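Take a look at the letters that make up each chain.
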Amino acid sequence: MPATAAPVSRKYPPALNFVAGRFVAGGGSLLEVLNPSDGAPLSQVTLSSAPDLDAAVRAAQEALPAWSARPIKERVQVFYRYRSLLERDFAALAALITEEHGKTRAEAEAEIAKAIELTEFACSLPQIVTGEVLEVSRGVECRTDRHPVGVVASIVPFNFPSMVPHWTIPNAIALGNCLVLKPSEQVPLSAGRIAELLTEAGLPAGVFNVVHGGREVVEAICDHPGIAAVTFVGSTRVAQLVYRRGTANLKRVLALGGAKNHLLVLPDADLEMTSSNVVASMSGCTGQRCMAASVMVAVGGTDHIVRRVVEHARAVVPGQNLGPVISQEARDRIERYVREAEQAGATVLLDGRSTVVPGREGGFYVGPTVLDHVRPDMAIAREEVFGPVLAIVRAKNVDQALAIENASSYGNAAAVFTESGGLARYVTERAGAGMIGVNVGVPVPREPFSFGGWNDSKFGVGDITGHGSIEFWTRTKKTTTKWNRDAGTNWMS
Ligand code: NAD
């Protein structure tokens, strides 16, 4: 008799697409979704294709006239209600993130707290997006007001299953657009809860849609003539593909890419604040943040800070206050960077390779890893590692440290640690990144400030959150009016 494989048991049914207010199966094959903490099957996700996307775009097109015609004050009422639903379900939403992504409970809760803050900004949009009006000649008035772009799409990465979708969903929709979300196929579950809660909050069917999948559906988004604007958040390689393909199809595109963030540590920096911040930045969310510290440039006599960084890093324990990385593939990549750096002459001060968490032997864990005397030309100093790994590069002075930072092809974040205001200013003026920290290791601009990097960390104009996003999600209409017959005519009107 042929052997039959044991049935696979999964905690959740397959993640479905959400189109026109209903969960529907996509037409493609199913991909396994694993819990990164133990490697066990958790769910499955549809790899959608162009017809699945087309159904979502048609639903959004149908919903658009009624939704965009509502005054913005009415549209944001949905997000006031949605915000309280996020609070009501706070613990359960965070728990789902921990299951699908692996991050710790505290990190998952921070993600929901940030989703709430992003929703609050959308609620404030009616106070911000008032138009302009001016009498430009006697009796002649010019006026600008904002209109939605239309049907838009948001493609998101695995590292924040809820926060990054909230970078775009509340603002785009409150500003009158209808949206198709393409979650990461590695963490597809939170998107379903977002759809359910938006529906419970009163969002009409078709305004928000979810299409799961990978490369094929992303390419279909870039090509679909019904989609007017696309945001992308993910690696630089794919950001470039999406930016090129979307703009070639004459769409508005904002594509955020990867990062290689440098923290410049000066000898006068406060020992405790600096070392604890550096370690929190390199190990928080297991280093899988585009704002994570990746290179510490230790300037001059900073051995005492390096020693303290290693002590703090030792207190970060896999399976306790450090989650797994997303996959075995990610773990292999991270360990390869460390191995090659060591072979090239870097000193491993703390080694997180081959980490096994008892009871979770199938989990994808990498412990905190600190390497000293890394040279700027090594791959570990130039490329995105995306794990709990800190490469320490030594510099003689601030100008040499800045030259190392400026040479990076990325430009998401940079930070300086010092007690000198003058030196801090010198560095913030010269660092080649879009988001700068002074004694802050993860300098995320909080609402209403906008999030977005420079160079290979962002392609397109504007930023993805806060004030910067308003321009992206709207187009202005300029109206010139004359009702006064006595106004006469001049060269313009
Ligand atoms: P990724 O680029 O592999 O995937 C991002 C999205 O693109 C996913 O939805 C995925 O399905 C899709 N995709 C993957 N390969 C594709 C291809 N060949 N063609 C078309 N689509 C494709 O990124 P990831 O691994 O999910 O996320 C980690 C990356 O995201 C890191 O590089 C990180 O720095 C970056 N990130 C950047 C920011 C930022 O603000 N700049 C924020 C978060 C994450």
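Rules used throughout
- Residues numbered from 1 in each chain as written.
- Predicted model: local features only at pLDDT ≥ 70, side-chain atom pairs only at ≥ 80, totals over all residues.
- Heavy atoms only, no water.
- Domains from an automatic or database assignment.
- Contact = heavy atoms within 4.5 Å.
- Buried area = accessible area lost by both parts, 1.4 Å probe.
- Pairing = 2+ DSSP bridges.
- Helix = DSSP H or I, 4+ residues; strand = E, 2+ residues; numbered from the N terminus.
- Axes fitted to C-alpha atoms, helices over the stretch in contact; angles between N-to-C directions.
- Near = heavy atom within 4 Å.
- Polar contact = N/O pair within 3.5 Å; in protein donor to acceptor, adjacent residues only side chain to side chain.
- Areas by Shrake-Rupley, 256 points an atom, 1.4 Å probe, with all protein chains shown as cover.
- Nonpolar A, V, L, I, M, F, W, Y, C, P; charged D, E, K, R; others polar.
- Phe/Tyr/Trp six-rings, centres within 6.5 Å; stacked < 30°, edge-to-face > 60°.
- Buried < 20%, exposed > 50% of the residue type's maximum accessible area, 1.4 Å probe, protein only.
- Lys NZ or Arg CZ within 6 Å of the ring centre and 35° of its normal.

A. Layout of the domain arrangement of the protein. In terms of domain boundaries, the protein breaks down into domain 1 (17–257 + 457–477) and domain 2 (261–438). Distance from the C-alpha centre of domain 1 to the C-alpha centre of domain 2: 31 Å. On the side of domain 2, 24 residues touch domain 1, which itself brings 18 residues to the contact. Buried surface at the junction of domain 1 and domain 2, both sides included, amounts to about 1500 Å², of which 63% is carbon and sulfur.

B. Main features of the sheet that holds strand β13 (residues 293–299). With mixed pairing, the 7 strands of this open sheet are ordered in space as β14-β15-β16-β13-β12-β17-β18. One side of each edge strand has no neighbouring strand; the edge strands of this open sheet are β14 (347–350) and β18 (435–438). Neighbouring strand axes in the sheet, compared pairwise and without regard to direction, differ in orientation by 20° on average. Relative to strand β16 (residues 389–395), strand β15 (residues 369–372) is paired through 3 bridges, and the arrangement is parallel. Counterpart to Val370 in the pairing with β16 is Leu390. Along the sheet, helix α14 (residues 398–406) contacts β12 (261–265), β13, β16 and β17 (413–417); its crossing angle with β12, the most-contacted strand, is approximately 175°.

C. Examining the sheet that holds strand β6 (residues 140–148) more closely. The sheet built from 3 strands is open, its strands ordered β5-β6-β20 with antiparallel pairing. The sheet is open, and its two borders are formed by β5 (132–137) and β20 (474–482), each paired with just one other strand. Averaged over all neighbouring strand pairs, the angle between strand axes comes to 25°, with direction disregarded. Where β5 meets β6, 5 bridges bridge the pair, whose relative direction is antiparallel. From the neighbouring strand, Leu134 faces β6, where its bridge partner is Cys142.

D. Representation of the site of the ligand. Taken together, 30 residues lie near the ligand, and Lys182, Glu185, Ser235, Gly257 and Glu384 sit nearest. Contacts to the ligand include Phe158, whose backbone N or O atom sits 3.1 Å from an oxygen atom. Calculation on the ligand without its partners gives an accessible area of 840 Å², and the protein chains cover 90% of this total. If you list the elements that add at least two residues to the shell around the ligand, you get α8 (215–223), β10 (229–233) and α9 (236–248). Grouping the amino acids of the shell around the ligand by side-chain chemistry returns 15 nonpolar, 10 polar and 5 charged.

E. Looking closely at the packing of aromatic side chains. Summed over the entire model, instances satisfying the criterion amount to 6 aromatic pairs. Here Phe79 and Tyr82 contribute two aromatic rings whose centre-to-centre distance is 6.2 Å and whose plane-to-plane angle is 85°, an arrangement assigned as edge-to-face. On the criterion of helical spacing, the pair formed by Phe79 and Tyr82 is a turn pair, its members being 3 residues apart in helix α2 (residues 72–88). For Phe79, a relative accessible area of 0% puts it in the buried group. The ring centre of Tyr337 lies 5.8 Å from the NZ or CZ of Arg336, which sits over that ring. When the ring centre of Tyr426 is taken as origin, the NZ or CZ atom of Arg430, which lies over that ring, is 3.7 Å away.

F. Seen up close, the packing of α8 against α9. Taken N-terminus to C-terminus, the directions of α8 and α9 make an angle of 30°; their axes are 8 Å apart at the nearest point. Contacts between α8 and α9 involve Val218, Glu219, Cys222 and Asp223 from the first element and Val242, Arg245 and Gly246 from the second. Tallied by class, the residues present in the contact of α8 with α9 amount to 3 nonpolar, 1 polar and 3 charged.

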